[in-house]
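Here's the letter readout for the chains.
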Amino acid sequence: MGTLSSSLLSQLESQVIELPSWAFGNSGTRFKVFSTPGTPRTIQEKLADAAQVNKVTGLSPKVALHIPWDKVDDYDALRDTAAELGVTVGTVNSNTFQDDAYKFGSLTHIDAGIRQKAIDHHFECIDVMDATGSQDLKIWLADGTNYPGQGNLRGRQDRLADSLQKIYDRIGESQRMVLEYKFFEPAFYHTDVPDWGTSYAQVSALGDRALVCLDTGHHAPGTNIEFIVMQLLRLGKLGSFDFNSRFYADDDLIVGAADPFQLFRILFEVVRGGGYGPGSPVAFMLDQCHNVEDKIPGQIRSVLNVQEMTARALLVDTEALDAAQNAEDVLGANNILMDAFYTDVRPALAEWREGRGLPADPMKAYLASGYQKNIAETRVGGQQASWGA
Ligand code: AOS
Ligand code: ZN
Ligand code: ZN
């Protein structure tokens, strides 16, 4: 099929990109949250919207939940609703950043009672996982301090280890825990899980089912993220991605929008390091918010960007690359990588999609479906996703 061989296309068959439920809600910055007509009012409506993305792309049969944003009384029923829509529940995200009790920390808090409250919240998330069939618990902590001297850095790290151990002890044999790192925000002097090394140290102390979650927007400008990807895969500790893109901070823009080449470099290391394909432990998730663009088209664009860049990463002639690297052929090696990056895979993917009963142009198909018009007319008073992300 043009630029893509059938063996390459077969490697794309099983690609799964998990959608975040909160991407379908209204979101914004601390200055303003704009609402979009048709925004879901319930998690059931978010699942329905996510199912539309999957319907036109065939790429996103899983939806990540955020508790308590997506809290319901009956999770068995939610699981059934998801199944009827052709999707399943993916990662369950905990939330210890919106309760007054957590002003000075959650899993790291000096007060044992507040730590227990945060641990109990994670137990509740594990119950949700049990009821919905979710495999992964994702922990991102807002814990940190704003001023030097405010907290005992080491004491907080020790308490974190203790709290995480209690949560890890509760997850089931077939479940995993992933610990996300972020070097700033909402705390600005230090965060308790600022970098991959801290996350790695914490999860390594727990066991095999504790892994690192890499959010592509959570690094200092200029960080070589693909190097971190390589290292975590080398260490067997890359559990999942939160894909998004950023120009400045934790922008949570559409993945591949700000720096497509960086996404390519990351996916190349994923493929090279065994993080892609059947049996790989790496979950591809999106963590994005659509502040000004429509949410469903925003998610369609996102999953297609990941698929297109995965195809380009798979295109790299690794044999030729190895040879060039071994021969110290600096520009030759670089050229092999750039050849793949500059290959336009879109026509071949469109043709391939059609062959699988999917629309050649998923965005066009969605816009023509009338779904957006229908939700805009029928849904009033949609939900806000979060205070930011
Ligand atoms: C926060 O910056 C993180 O990216 C988390 O993954 C968070 O749980 C998610 O963005 C929802 O707010
Ligand atoms: Zn994230
Ligand atoms: Zn983030």
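Residues numbered from 1 in each chain as written. Chains lettered and ligands numbered in written order. Predicted model: local features only at pLDDT ≥ 70, side-chain atom pairs only at ≥ 80, totals over all residues.

The name an unreviewed UniProt entry gives the chain is L-rhamnose isomerase, with Subtercola vilae as the organism.

Student: Pulling in residues and values, what's your account of the overall build of the chain?
Tutor: Within the chain, the secondary structure is distributed over 14 helices and 10 strands. A compact globule built from 389 residues would reach a C-alpha radius of gyration of about 21 Å, and the chain, at 21 Å, matches this within 12%. Overall, the chain is about 60 × 60 × 40 Å in size when its C-alpha atoms are taken along their principal axes. Per-residue burial for the chain yields a buried fraction of 48% across its 389 residues. For the chain, the share of sequence-separated contacts (at least 6 apart) that also reach a separation of at least 24 residues comes to 79%. (Helix = DSSP H or I, 4+ residues; strand = E, 2+ residues; numbered from the N terminus. Rg over C-alpha atoms; globule rule 2.2 N^0.38 Å. Buried ≥ 20, exposed ≤ 12 C-beta atoms within 10 Å, placed from the backbone. Contact = placed C-beta atoms within 7 Å.)

Student: Give a detailed account of the sheet that holds strand β3 (residues 88–93), specifying residues and quantitative values.
Tutor: Here we have eight strands rolled up into a closed barrel, ordered β1-β2-β3-β4-β6-β8-β9-β10, and parallel in their pairing. Strand-to-strand twist of the sheet, defined as the mean angle between neighbouring strand axes without regard to direction, takes the value 30°. Strand direction decides the pairing type here: strand β4 (residues 136–139) and strand β6 (residues 176–180), joined by four bridges, are parallel. Bridge pairing links Lys-138 to Val-178 in β6. (Pairing = 2+ DSSP bridges. Axes fitted to C-alpha atoms, helices over the stretch in contact; angles between N-to-C directions.)

Student: Let's hear about unusual backbone geometry: which residues, and what values?
Tutor: Here the residue pair Ile-67 and Pro-68 is connected by a cis peptide bond, since its omega of 20° sits within 30 degrees of zero. Assignment of secondary structure puts Pro-68 in the loop between β2 (62–66) and α3 (75–84). In this structure, Pro-186 follows Glu-185 across a cis peptide bond, with omega equal to 5°. Mapped onto the elements of the fold, Pro-186 is located in the loop between β6 and β7 (190–191). One non-glycine residue, Glu-185, adopts positive backbone phi at about 75°.

Student: Quick one: what's the story with the environment of Leu-233, residue by residue and with numbers?
Tutor: With respect to the helices, strands and loops of the structure, Leu-233 is situated in helix α7 (residues 225–234). In this structure Leu-233 comes out as buried when scored by C-beta crowding, with 20 C-beta atoms within 10 Å. A sequence separation of 49 residues divides Leu-233 from Val-282, and the C-alpha atoms of the two residues are 9.0 Å apart. When near neighbours in sequence (up to four residues on either side) are disregarded, Leu-233 contacts Leu-238, Gly-273, Gly-274 and Gly-275.

Student: Give a detailed account of the nonpolar core, specifying residues and quantitative values.
Tutor: Met-177, Leu-179, Val-212, Leu-214 and Val-229 are the most contacted members of the largest nonpolar core, which totals 94 residues. Here this core takes 10 residues from helix α9 (residues 295–315), the largest share from any one element. Residue contributions to this core reach at least three from each of two domains, namely domain 1 (14–315 + 363–378) and domain 2 (317–358). Look past the residues within four positions of Val-212 in its chain and what remains in contact with it is Val-178, Leu-179, Trp-196, Ser-199, Tyr-200, Val-203, Leu-232, Lys-237, Leu-238 and Gly-239. (Core = buried A, V, L, I, M, F, W, Y, C linked by C-beta atoms within 7 Å. Domains from an automatic or database assignment.)

Student: So what's going on with the packing of α9 against helix α13 (residues 362–369)? Which residues, and what values?
Tutor: Here α9 crosses α13 at 165°, and the two axes come no closer than 10 Å. The angle between the axes of α9 and α13 places the two elements in the roughly antiparallel class. The handedness of the crossing between α9 and α13 is right-handed. Contact residues: Ile-296, Pro-297, Ile-300, Arg-301 and Leu-304 in α9; Pro-362, Met-363 and Tyr-366 in α13. In terms of residue class, the contact of α9 with α13 is made up of seven nonpolar, no polar and one charged. (Parallel < 35°, antiparallel > 145°, perpendicular 65-115°, else oblique. Left-handed = near helix turned anticlockwise from the far one by under 90°. Nonpolar A, V, L, I, M, F, W, Y, C, P; charged D, E, K, R; others polar.)

Student: Go over the domain arrangement of the chain, please, and point to the residues and values.
Tutor: Note: interface size is frequently given as the accessible area lost on complex formation between the parts. Along its sequence, the chain is carved into domain 1 (14–315 + 363–378) and domain 2 (317–358). Placing the centre of domain 1 and that of domain 2 at their C-alpha centroids yields a distance of 29 Å. Opposite the 10 residues of domain 1 that make contact, domain 2 presents eight residues. The set of elements that each furnish at least two residues to the side of domain 1 that touches domain 2 consists of α2 (43–57), α8 (260–272) and α9. Top contributing element to the side of domain 1 that touches domain 2 by residue count: α9, with five residues. A per-class count over the side of domain 1 that touches domain 2 returns five nonpolar, three polar and two charged.

Student: Break down α9 for me, with residues and values.
Tutor: Over its 21 residues, α9 runs 30 Å from end to end, which matches the ideal 30 Å to within 8%, given 1.5 Å per residue. With 20 of 21 residues buried, α9 is to be regarded as a mostly interior element. (Expected span 1.5 Å × (residues − 1).)

Student: So, the environment of Ala-50: which residues are in play, and what are the values?
Tutor: Relative to the elements of secondary structure, Ala-50 occurs in helix α2. Note on Ala-50: 30 C-beta atoms within 10 Å, which makes it buried. Separated by 26 residues in the primary sequence, Ala-50 and Phe-24 place their C-alpha atoms 7.8 Å from one another. The residues touching Ala-50, leaving out its near neighbours within four places in the chain, are Leu-19, Phe-24, Ser-60, Val-63 and Val-87.

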